[in-house]
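One letter stands for each residue in the lines below.
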Amino acid sequence: MSKVRSSSLGYPRIGGQREWKKNLEAFWAGKRSKTDFLQEQKSLRLSYLQKQQQLGLDLIPVGDFSDYDHVLDTAVAFGIVPERFAYAGGKVEEETYFAIARGTDDAVAAEMTKWFNTNYHYIVPELTASREPALVDNRWLRLYEEAKSELGINGKPVLLGPVSFVKLAKQYGNKSFSEHVQTLVPLYGQVLAELAQAGAPLIQVDEPILAGDVTEAEWAVVEETYQSLAKLAPNAKLLLQTYFESVADYNRFIQLPVAGLGFDFVAGKEETFQNLRVNGFPNDKLLALGVIDGRNIWRTDLTAVNAELKEVLQVVERERLILQPSSSLLHVPVTVQSEEKIADELKEAIAFADEKIIEIVSLAKVVNGHEPPSLLEASKHALGRLNASEARNNQSVQQEVAQISSEDPSRGLDAPTRAKLQAAKLKLPLLPTTTIGSFPQTKEIRKKRLDWRKGKLDSAGYETFINAEIDRWIAIQEQLGLDVLVHGEFERTDMVEFFGEKLGGFQFTTYGWVQSYGSRCVKPPIIYGDVYFKQPMTVKETVYAQSKTDKPVKGMLTGPVTIYNWSFPRADITEGEAVNQIALALRKEVLALEEHGIGVIQVDEPALREGLPLKRAKWQSYLDQSVTAFQLTVNQVKPETQIHTHMCYSDFQDIIEAIDGLDADVISIEMSRSHGELISSFEEYTYNKGIGLGVYDIHSPRVPAKEEIARNIERALNVLHPKQFWVNPDCGLKTRQEPETVAALKVMVEAAKEARQTLETKTI
């Protein structure tokens, strides 16, 4: 009997106990040989495949595993290595692979930016005209054959498609977008032909850009590309996969010469369902529907999905339907089973990667008639119990949110007037220097925090230790000559998890890690109820730091949009309602800092840009909502209180008006990895507030040369008034080592002082 098949688009790399991260960092630190490193990577990779096999998945993805990033994997497989790295051709070795991602003493790392509207960062490929790509490692074939020979798994290879790869890359030289794609097409054709010859039954080719805004010229490239691939690899059965939104042009998409088409049936459900109803679906193609949310952690109401699938099966035959998550499970933790501290009412409503695969497999069994529909009812009941709980019905919070519509979110006085009041109060020099907030969290800091959490160290002892670290770093900052100091955030874990633990309505996990970039993992908190302020969260440490210096110390908070975007949000209320709840809770913290004498407060929004919908038609609503939430957080402070915010690793040109609309007194933005390209935004837009364009890259362990920083400062000053410009690193310094941090900041301060001296000889 023909049947609906179950599948997945990809599995988390990091391991349930972050084994992958530990293996990487041991190799980087020289504590593990390359041989041992590669053997452990293989063991992890095979264990993930075996688990999916045991869970009953029909189509198991292979090739989704990565040693750092799947976009970087694609680049090096085709010999696409930036010219500044020593590469003579052939298979790219691990040392060069990691150098591209992390940089070396002699070469800056490749740019890193967000993967669409997620918190995952990918390494941006650099396409030039001087080096022609070549297939130097068919990694997909290698990993497919490994799964087949080691585990007997005839898997589904997963590739990033050529059009999306080029679209996500930086393109240099005279080649057009189309020409770069066409250069890669024969290489992709070879990969696909070799996979088909090896017996791959279906090959997943990801083209996520097709769920965004696609121009007529880009559609022409897509059509030409897949017509060419069909000729180059006629025996390869391609499943062209999209996610994160509905496909931009459904009718054009379904005509592409491929074996199957994959849709996000969560984020793009309404549009996709309507297209299936009105336009039908080709009778010679597979339909892969992402019916389980691959990005959030709530169980799916499988009874509702089952009802929808009955309608889908009126359009496509059972044997041509594949059920899967809406995206790769890279974006969720591994398994709920390890979580022992979550209350049963909440835990039973949650599904991580393993549980989502179980959901898919169970749903397929019911659709195929192998199990009764009652198998699916548990999820509906679990979600219903949570929705009826007191946590999700906090009347006080809901009344406060209801009053927002009658409130003016602005700060009253305009930015230039506020700037004069703040200058008189703070008395900062020209080109003031500061950092973004965090300082290195050493093994000793992490151990003390763990001992305190486990009860091995009492609260008084832990506070004494944290205060000693604050003392030490206040002294270091003063010695370096920084102008606005920070307390260092030594008491904090992750910048969102820390607040999630202290606000009402949040649940934190023990092992709920997800990959952010490289080996950097975060534990997003779960927003499960109405959010409310319980007690001051940052006041004690900030006020203590301020008592140790005459220089201003910044209060440091994570903003409402970022807390929302970097959490697993509840799905039973709108995004706007949830973000405003967080904003009103944070407002109380901002006012508490001000009340205790803190005159500079930074409310970070690094995730504002990444939360943009993939389609521009939906941008304005999101931006308006985000700006209002930020303003609500800070609009009740005095005009003399200087409000900062920070954003990192995103393209800001398209949202510069929204950035201006935040009305922060000072904004700091990444620019070092983008080599100053962001500055062009300010050549065309008049910005009248303070701004710090990060002058060196903190994600690389290298210490920047003073000349590099000086060039970044000089270029910024070509378009910004010196009285506007702040000098700071790209981002927080939590993940760096102390010696390199101090050395880099010393260079930064020296470069700023030299630039200041040069400016002071001129009339400003």
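Since the model is a prediction, treat every value here as computed from it, not as a measurement.

J.: Please explain the overall build of the protein as it appears in this structure.
T.: The number of helices and strands found in the protein is 27 helices and 22 strands. Since a compact globule built from 764 residues should have a radius of gyration of about 27 Å, the 26 Å found for the protein is in line with a globular shape. The principal-axis extent of the C-alpha atoms belonging to the protein is close to 80 × 60 × 50 Å. Relative to its full complement of 764 residues, the protein shows a buried share of 61%.

J.: Is there a simple way to think about the pattern of salt bridges in this case?
T.: Note on pairing: side chains with opposite charge can pair once their charged atoms come close. Using the criterion set out here, one finds 47 salt bridges in the structure. Arg570 is the salt-bridge partner of Asp572, the closest N and O atoms lying 2.8 Å from each other. For Asp572, a relative accessible area of 33% corresponds to the partly exposed category. Within the structure, one salt-bridge network assembled from shared partners comprises Lys34, Glu93, Glu94 and Glu95.

J.: Just to check I follow, could you spell out the side chain of Ser362 for this structure?
T.: In this structure, Ser362 sits in helix α13 (residues 353–367). Not counting residues up to four positions away in its chain, the partners in contact with Ser362 are Leu375 and Leu376.

J.: Explanation requested: the sheet that holds strand β2 (residues 61–62) in the structure shown.
T.: Strand pairing in a sheet relies on backbone hydrogen bonds, with the paired strands running either antiparallel or parallel. Reading across from one edge, β1-β12-β11-β10-β9-β8-β6-β2 is the order of the eight strands in this open sheet, with parallel pairing throughout. Whereas interior strands pair on both sides, the edge strands pair on one side only; in this sheet they are β1 (5–6) and β2. Bridging between β2 and strand β6 (residues 156–160) involves two bridges; their strand directions are parallel. Along β6, the bridge assignment pairs Pro61 with Lys156. Against the sheet, α13 touches β1, β11 (286–292) and β12 (321–325), its axis set at about 155 degrees to β12.

J.: Can you walk me through the packing of helix α1 (residues 19–28) against helix α2 (residues 34–54) in this structure?
T.: Each pair of packed helices can be described by the angle between their axes along with the distance between the axes. The interhelical angle for the contact between α1 and α2, taken along N-to-C directions, is 170 degrees, at an axis separation of 10 Å. If you check the angle between α1 and α2, you find them roughly antiparallel. Here Glu19, Trp20, Asn23, Leu24 and Phe27 of α1 lie close against α2, whose contacting residues are Lys34, Phe37, Glu40, Gln41, Leu44 and Tyr48. Of the residues contributing to the contact of α1 with α2, the split by class is six nonpolar, two polar and three charged.

J.: Would you mind showing me how to read the packing of aromatic side chains here?
T.: Two aromatic rings are characterised by how far apart their centres lie and by the angle between their planes. Applying the stated rule across the entire model yields 22 aromatic pairs. Ring plane angle 35 degrees and centroid distance 5.8 Å describe the contact between Phe78 and Trp140, whose orientation is recorded as tilted. Taken together, the positions of Phe78 in the loop between α3 (70–77) and α4 (94–102) and Trp140 in helix α5 (residues 139–151) put the pair 62 residues apart, joining distant regions of the chain. Assessed through its relative accessible area of 0%, Phe78 is described here as buried. On the basis of relative accessible area, Trp140 is assigned to the buried category, the value being 2%. Taking the centre distance of 5.0 Å and the plane angle of 40 degrees together, the rings of Phe78 and Tyr188 count as tilted. Here the residue Phe78 occupies a position in the loop between α3 and α4, and Tyr188 occupies one in helix α7 (residues 177–198), the gap between them amounting to 110 residues. Among the aromatic residues, those joined into a ring-pair cluster are Phe27, Trp28, Phe37, Tyr68, Tyr97 and Phe98. Sitting over the face of the ring of Phe244, Arg295 holds its NZ or CZ atom 4.9 Å from the ring centroid. Just above the ring of Trp298 sits the side chain of Arg392; from NZ or CZ to the centre is 5.0 Å.

Criteria and cut-off values
Residues numbered from 1 in each chain as written. Predicted model: local features only at pLDDT ≥ 70, side-chain atom pairs only at ≥ 80, totals over all residues. Heavy atoms only, no water. Helix = DSSP H or I, 4+ residues; strand = E, 2+ residues; numbered from the N terminus. Rg over C-alpha atoms; globule rule 2.2 N^0.38 Å. Buried < 20%, exposed > 50% of the residue type's maximum accessible area, 1.4 Å probe, protein only. Salt bridge = Lys/Arg side-chain N within 4 Å of Asp/Glu carboxyl O. Contact = heavy atoms within 4.5 Å. Pairing = 2+ DSSP bridges. Axes fitted to C-alpha atoms, helices over the stretch in contact; angles between N-to-C directions. Parallel < 35°, antiparallel > 145°, perpendicular 65-115°, else oblique. Nonpolar A, V, L, I, M, F, W, Y, C, P; charged D, E, K, R; others polar. Phe/Tyr/Trp six-rings, centres within 6.5 Å; stacked < 30°, edge-to-face > 60°. Lys NZ or Arg CZ within 6 Å of the ring centre and 35° of its normal.

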